[in-house]
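For reference, the chains in residue letters:
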Amino acid sequence: MATSLNRRTFLAISATTVMGGVAGTAGLAALAPKAQANDRSVKPDRVVPTFCELCFWKCGVLAYVKDEKVVKLEGNPKHPLSNGKLCPRGTGGIGALYDSDRLKRPLIRTRLNGEEKWREVSWEEALAFTAQRLSEVKAKYGAKSIALYSHGHGGAFFKTLLKGLGSTNIVAPSNDQCRGPRESGFELTYGVGVGSVETIDTPHARCIAFIGSHLGENMHNTAVQDMSAASARGASFITVDPRFSIMAGKSKYWLPIKPGTDTALLLAWANVLIEEGLYQKDFVANNVEGFEQFKAHVKDKTPEWAYIETGIEPTVIRETARELARNAPAAFVHPGRHVVWYGNDTQRSRAIAIVNALLGNWGKKGGFYLPQTLNVPGYPTPPLPKGEGYQPRQTFPLAAAPCAYDVCDASAKQGDDAPRVHAWIVYGCNVPLTLPNTARTIEAMNALDFVVVVDTMPAEVTGYADVVLPENTYLERYDDLDTTPYRVPFVALRQPVVQSLHDTKPGWWIAKQLGEKLGLGAFFPWQDAEDYLSTRLAKANLSFSDLRRDGVIVGKAEPIYDDSPTQTFKTPSKKIELFSKTMADAGLPPMPEYEAPEEPPPGYFRLLFGRSPVHTFSRTTNNPALLEVVPENELWLNAEMARVLGLEAGTKVMLENQDSVKTGPITLKVTERIRQDCVYMVHGFGREDRRLTRGYKRGASDARLTTRVKRDPVMGGTGMNVNFVTLYRWKEA
Ligand code: SF4
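Remember, it's a predicted structure, so these values are computed and weren't measured experimentally.

### Quick look at the pairing of strand 24 (residues 678-682)
Okay, step 1: Burial within strand 24 is extensive, with five of its five residues counted as buried.
Okay, step 2: Residue alternation in strand 24 divides its side chains into two sets, Cys678, Tyr680 and Val682 and Val679 and Met681, and both sets are buried.
Okay, step 3: Sheet analysis places strand 20 (residues 605-610) next to strand 24, joined by five bridges and oriented parallel. Across the sheet, residue arginine 606 finds its bridge partner in strand 24, namely cysteine 678.

### Brief notes about unusual backbone geometry
Okay, step 1: For the bond from serine 196 to valine 197, the omega torsion is 25°, close enough to zero to count as cis.
Okay, step 2: Of note, valine 197 is situated in the loop between helix 5 (173-190) and strand 9 (207-211).
Okay, step 3: With an omega dihedral of 5°, the bond running from alanine 328 to proline 329 counts as a cis peptide bond.
Okay, step 4: Positive phi outside glycine occurs at asparagine 83, with the angle close to 50°.
Okay, step 5: Turning to its location among the elements, asparagine 83 is positioned in the loop between strand 4 (69-75) and helix 2 (93-97).
Okay, step 6: Positive phi, normally seen in glycine, also occurs at asparagine 541, with a value near 60°.
Okay, step 7: Relative to the assigned elements, asparagine 541 resides in the loop between helix 18 (529-539) and helix 19 (544-550).

### Examining the pattern of salt bridges
Okay, step 1: Scanning the entire structure with this criterion turns up 50 salt bridges.
Okay, step 2: Here arginine 494 makes a salt bridge to glutamate 53, at a shortest N to O gap of 3.5 Å. Residue arginine 494 is found in the loop between strand 17 (490-492) and helix 17 (507-517), and its partner glutamate 53 is found in the loop between strand 2 (46-51) and strand 3 (60-66); the two are separated by 441 residues along the sequence.
Okay, step 3: A salt bridge links glutamate 183 to arginine 182, with the nearest nitrogen and oxygen atoms 2.9 Å apart. Of the two residues, glutamate 183 and arginine 182, both sit in the buried class.
Okay, step 4: Where salt bridges share partners, they join Glu53, Glu471, Arg477, Asp479 and Arg494 into one cluster.

### Some words on the pairing of strand 10 (residues 236-240)
Okay, step 1: Among the five residues that make up strand 10, five are buried, leaving the element largely enclosed by the rest of the structure.
Okay, step 2: Burial along strand 10 is two-sided: the residues Ser236, Ile238 and Val240 and Phe237 and Thr239 are all buried.
Okay, step 3: Sheet analysis places strand 9 next to strand 10, joined by five bridges and oriented parallel. Its bridge partner being in strand 10, phenylalanine 210 is matched across the sheet by threonine 239.
Okay, step 4: You can see the chain leave strand 9, run along helix 6 (residues 221-232) and come back into strand 10, and the turn it takes is right-handed.
Okay, step 5: Pairing geometry for strand 10 and strand 11 (residues 253-255), over three bridges, is parallel. Bridge pairing in strand 11 links isoleucine 238 to tyrosine 253.

### Observations concerning the packing of aromatic side chains
Okay, step 1: If you walk through the whole model with that rule in mind, you get 25 aromatic pairs.
Okay, step 2: One aromatic cluster is present, built from ring pairs that chain together Phe157, Tyr379, Trp508, Phe524, Trp526 and Tyr532.
Okay, step 3: When the ring centre of tryptophan 341 is taken as reference, the NZ or CZ atom of arginine 348 above it lies at 3.8 Å.
Okay, step 4: Positioned above the aromatic ring of tryptophan 509 is the side chain of lysine 505, whose terminal nitrogen or guanidinium carbon lies 4.8 Å from the ring centre.

### Here's the deal with helix 5
Okay, step 1: Between its first and last C-alpha atoms helix 5 spans 24 Å; for 18 residues at 1.5 Å apiece the expected length is 26 Å, and the two agree.
Okay, step 2: Looking one or two residues beyond helix 5, the residue adopting positive phi is glycine 191, at roughly 90°.

Criteria and cut-off values
Sequence order sets the numbering: in each chain, residues are counted from 1 along the sequence as written. Only residues with pLDDT of 70 or above have their local features reported here, since the model is predicted, and side-chain atom pairs are shown and tallied only from 80 upward, although totals for entire chains, interfaces and linings are computed over all residues. Heavy atoms throughout the structure, all of them, feed into the side-chain values; hydrogens and water do not. Relative accessibility under 20% of the residue-type maximum defines a buried residue, over 50% an exposed one, and the middle range a partly exposed one, all with a 1.4 Å probe and only protein chains included. Helix and strand assignments follow DSSP, with helices taken as H or I runs no shorter than four residues and strands as E runs no shorter than two, numbered in order from the N terminus. When DSSP finds two or more bridges between two strands, those strands count as paired. What makes a salt bridge here is a side-chain nitrogen of Lys or Arg within 4 Å of a carboxyl oxygen of Asp or Glu, nothing more. Seen with the strands pointing away from the viewer, any crossover whose path from the first strand over the helix to the second strand runs clockwise is right-handed. Under the pairing criterion, centres of Phe, Tyr and Trp rings, with the six-membered ring standing for Trp, must be within 6.5 Å; the plane angle then separates stacked pairs below 30 degrees from edge-to-face pairs above 60, leaving the rest tilted. When the NZ atom of lysine or the CZ atom of arginine is within 6 Å of a ring's centre and also within 35 degrees of its normal, the charge is said to sit over that ring. In this analysis, the expected span of each helix is defined as 1.5 Å times one less than the number of residues it contains.

This is the structure:
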């Protein structure tokens, strides 16, 4: 049996695979070509409800099956998150199922004749080897030396596994690379975050301000449907963005703000609302703590002051503040989603939360609704150990969870005796392209004693694994129940639509098998997924067969608004806290303060990145159906800047950042729709694994260029919009 290799070379799946004695899946590839696109003409043999995993929104899906092939996906009309519709990515689920590049059988990294290779192995061998290596690491360095990187609904069973092992090192990029500062900012202000799905009452809003929120490009199904409803009702939109985004195109106002100055605009909006007496006075008097201190704090944050910072005319700042106030409380500043930008992100999210408090919209129709959850008890298991692990609050005083970025740092070599993380379990998370500074992540992975990756596709992360455990796609497996808090309480089921196409397994089965081999079977006492799910549902007096038939059960709707003059909040003062004593006690500014961003060096542009409506990061950039629609990313460059640089639309360019990291080629999009001081590209392209036969080297990777971050001092978020690039014609590279 091969043991771990001290240093890993990137090992692409298939290229150097030694064929093992595992049953092949010849003939299955023949399913692929016809079935990759939705076929509307076929009469199905059956229609199976489940929920989508092309992103993490979890919309209800109806899967049409003919001759054991999935031929069409459409939205489940009974599911409140889809309302009978899918977004463009969701229809690409067939491409994910029939992608010929999928991981098809378990693999162990081995060395043969001095060369690293993948060896195809049985599940029994892969699981026994993984359990043995995790046991060895735990015995040698303790449970806290093991970490789980997890992204996606199926990660729940692996979290149980890690907790059972006694480690608390459970990290998700959705915290410090995405939504964490927003949740911190709202929790510090209101006592609760805004969740995912965000608790905004978009369909009934009369005015919404978006700050760097690319709705329409960030294609979350229900959010876009809600936006259409608001638009149809005549709502006005204000978009604050250095780029004329899709949302800007739908807006009454576009504020092309200087990147990094959003907090200045928010403080100036607060100044106008207070100084002109436009805030919701009764709501503030009854529900807000620290108003007088905040009023004094923003006294000098006038639109004229903000103009110097943001480049937005004072008249426009006043007009947009008045537009919000005129429609309050059915008006809100959108809390955003991917919010790790400049390092002061919790403070900016606090400023958003506070402007919303001045609009008096919490619990109000057209503002923030109060979400409902259908309570489904867990499967009875013994209590999990308390656990030990990385302590984020030693560095970031109000961190709610360990940061993925810090656990990566804690995995790199730091001297022979320094305590560190020695093993990673990675579930559905392409860590090298998800964390900033790819080279740093790879260095950390190379220093680990053991890496096991559970995923459906080869990716940059599988190239550095010791063991690869191929998971079923979402159309081939059960997962845990979904009870996302929403405007109606519901429980939804993910269930197999077709049998496994390859020698792959569902995540629940992999976690249970590993748990049993590690002596943790007590935490996985159920027979199988059906036993687990039906037992949970029975405890809530719900029928498993009803859920299998419909895909979703919607509970009794309760009021989602609170019209009482005084509400109670889960903050220390039980009020909305404009002045946060919690922050003051932690040595942090108790009210949001503006920090001017660093300027780009001469000849450089600030690098901004975002989403495509048909892709979810690198998860979909090999998907045969979705690549047909958007095959690569482009670099947006202002037309005047292109003229100065002598570059034309369609030119292939290379990017180089402030740390001399290069990428490219990427095609230039020359446009008036972006400011002159920044460039923009879609995240997730520039794949480096040759075995991704469609995605390899399409476009360029922004992750490679994001070598610097600015940490959020409150919770540790990695502000990533602090990198600068220059560009050259590709042939000159
Ligand atoms: S938003 Fe789109 S990709 Fe995401 S779960 Fe819904 S349908 Fe699937």
